[in-house]
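Results of the structural survey
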Amino acid sequence: EVRQRTHRSADGLDPQRLPTHAAGMFIVIEGIDGSGKTALSKAYAADLERRGVPVFWTCEPTYEGVYGSKIRAMLAGKGPPATPPEMAMLFALDRLDHVERVINPMLALGMVVVCDRYISSNVAYQGSLKELHGETRAQWLGWIFLINVQAPPPDKEVYLRARPEVIQLRLAARGGSLELYEKNNAHRMRTLAIYESMKFDVEIATSDASLDECLAT
């Protein structure tokens, strides 16, 4: 059974209540690697399309952007390593490029944009590259938020929660080589802790939920 906690309202996920005006709507699906966010975000976009809602699915980091291609190479272990501030800035620059090239134009066309990862991923993943505590940790996370200040906030942000042991099994079941952040369990747990400290519009536990159950939430 899907467990859901809302901080404001989950109504924005109801296709019957999605706006059809020219401003469009921006929905972000967040979660740690292995939470099921990519499968769910694609399935949700496909479900909206079947219902006749104009929708566009996208993701971060981007594949085609100049900054996104650099990030993808680094995550695959190619190229020189970057410092935590450099990585945080690269993700933020890729986001601004993504907003200008893709997100804003699609929203201007009245599309519902469903995005796999956004600012919260930047804060959680790059925020956990430094093992900090207290005020120093808050300042570091605050800086990452600050470099994203020009990126428009989503209309609705959904967080997919999964138990650590389930995440580990899902990553192992993927096969192939793991990316940089997927290999380090200590980093993954710090990332998960930052995610859990944030507030989202909708939170869904995906560990024991089927795709149909999640889409019905």
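Keep in mind it's a predicted model, so treat the numbers as computed, not measured.

Next up on the list: helix 4 (residues 119-127). Of all the nine residues making up helix 4, nine are buried; the element is thus mostly covered by neighbouring parts of the structure. Regarding helix 4, the residues found buried are Ile-119, Ser-120, Ser-121, Asn-122, Val-123, Ala-124, Tyr-125, Gln-126 and Gly-127.

So, about the packing of helix 2 (residues 66-75) against helix 3 (residues 84-108). Where helix 2 contacts helix 3, the two axes come as close as 8 Å, and the packing angle between them is 140°. With respect to helix 3, the axis of helix 2 lies oblique. Relative to helix 3, helix 2 is oriented so that their crossing is left-handed. Between helix 2, through Val-66, Tyr-67, Gly-68, Ile-71 and Met-74, and helix 3, the contact on the second element is made entirely by Met-87, Leu-90, Phe-91, Leu-93, Asp-94 and Asp-97.

A negative phi holds for most residues other than glycine; trans holds for most peptide bonds. A cis geometry characterises the amide bond from Glu-60 onward to Pro-61, with omega recorded as -5°. Mapped onto the elements, Pro-61 comes out in the loop between strand 3 (55-59) and helix 2. In this structure, Arg-117 takes a positive phi of about 85° despite not being glycine. Structurally, Arg-117 can be placed in the loop between strand 4 (112-116) and helix 4.

A few words now on the packing of aromatic side chains. If you walk through the whole model with that rule in mind, you get six aromatic pairs. A ring pair is formed by Trp-140 and Trp-143, whose centres lie 5.5 Å apart and whose planes are at 10°; its orientation type is stacked. Taken together, the residues Trp-140 and Trp-143, both in helix 5 (residues 134-146) and three residues apart, mark about one turn of the helix. Trp-140 sits in the buried class, given a relative accessible area of 7%. Geometrically, the ring pair formed by Tyr-159 and Tyr-195 is stacked, given 5.3 Å between the ring centres and 25° between the ring planes. Highlighted residues: Tyr-159 in strand 5 (residues 156-161) and Tyr-195 in helix 8 (residues 185-197), separated in sequence by 36 residues. The pair formed by Tyr-159 and Tyr-195 is uniform in burial state, with each residue classed as buried. Within the aromatic cluster, the residues linked to one another by ring pairs are Tyr-125, Tyr-159, Tyr-195 and Phe-200. The ring of Tyr-63 has Arg-72 lying over it, and the distance from NZ or CZ to the ring centre is 3.7 Å. A cation over an aromatic ring shows up here: Lys-130 above the ring of Trp-140, its NZ or CZ 4.5 Å from the ring centre.

The next point concerns the pairing of strand 4. A large share of strand 4 lies buried, amounting to five of its five residues. Burial along strand 4 is two-sided: the face carrying Val-112, Val-114 and Asp-116 and the face carrying Val-113 and Cys-115 are both buried. The pairing of strand 2 (residues 25-30) with strand 4 spans five bridges and is classified as parallel. Paired with Phe-26 across the strands is Val-113, a residue of strand 4.

The subject of this paragraph is helix 5. Taking 1.5 Å per residue as the helical rise, helix 5 with its 13 residues ought to reach 18 Å, and the 18 Å between its terminal C-alpha atoms agrees with that figure. Three or more residues of helix 5 are buried, namely Trp-140, Leu-141 and Ile-144. The arc enclosing the buried residues of helix 5, seen along the axis, measures out at 90°, which places them on a common side. Seen from the buried face of helix 5, the exposed residues on the opposite side, beyond 90 degrees, are Glu-135, Gln-139 and Leu-146. On its buried face, helix 5 sits against helix 3, helix 4 and helix 8.

On to the environment of Ala-186. For Ala-186, the position within the fold is in helix 8. A relative accessible area of 43% means that Ala-186 is categorised as partly exposed. Taking the C-alpha atoms as reference points, Ala-186 and Glu-131, separated by 55 residues in sequence, lie 9.8 Å from one another.

Here is what the cut-offs are and how they apply
- Residues numbered from 1 in each chain as written.
- Predicted model: local features only at pLDDT ≥ 70, side-chain atom pairs only at ≥ 80, totals over all residues.
- Heavy atoms only, no water.
- Buried < 20%, exposed > 50% of the residue type's maximum accessible area, 1.4 Å probe, protein only.
- Helix = DSSP H or I, 4+ residues; strand = E, 2+ residues; numbered from the N terminus.
- Axes fitted to C-alpha atoms, helices over the stretch in contact; angles between N-to-C directions.
- Parallel < 35°, antiparallel > 145°, perpendicular 65-115°, else oblique.
- Left-handed = near helix turned anticlockwise from the far one by under 90°.
- Contact = heavy atoms within 4.5 Å.
- Phe/Tyr/Trp six-rings, centres within 6.5 Å; stacked < 30°, edge-to-face > 60°.
- Lys NZ or Arg CZ within 6 Å of the ring centre and 35° of its normal.
- Pairing = 2+ DSSP bridges.
- Expected span 1.5 Å × (residues − 1).
- Arc of directions from axis to C-beta.

Read these as geometric descriptors, not functional statements.
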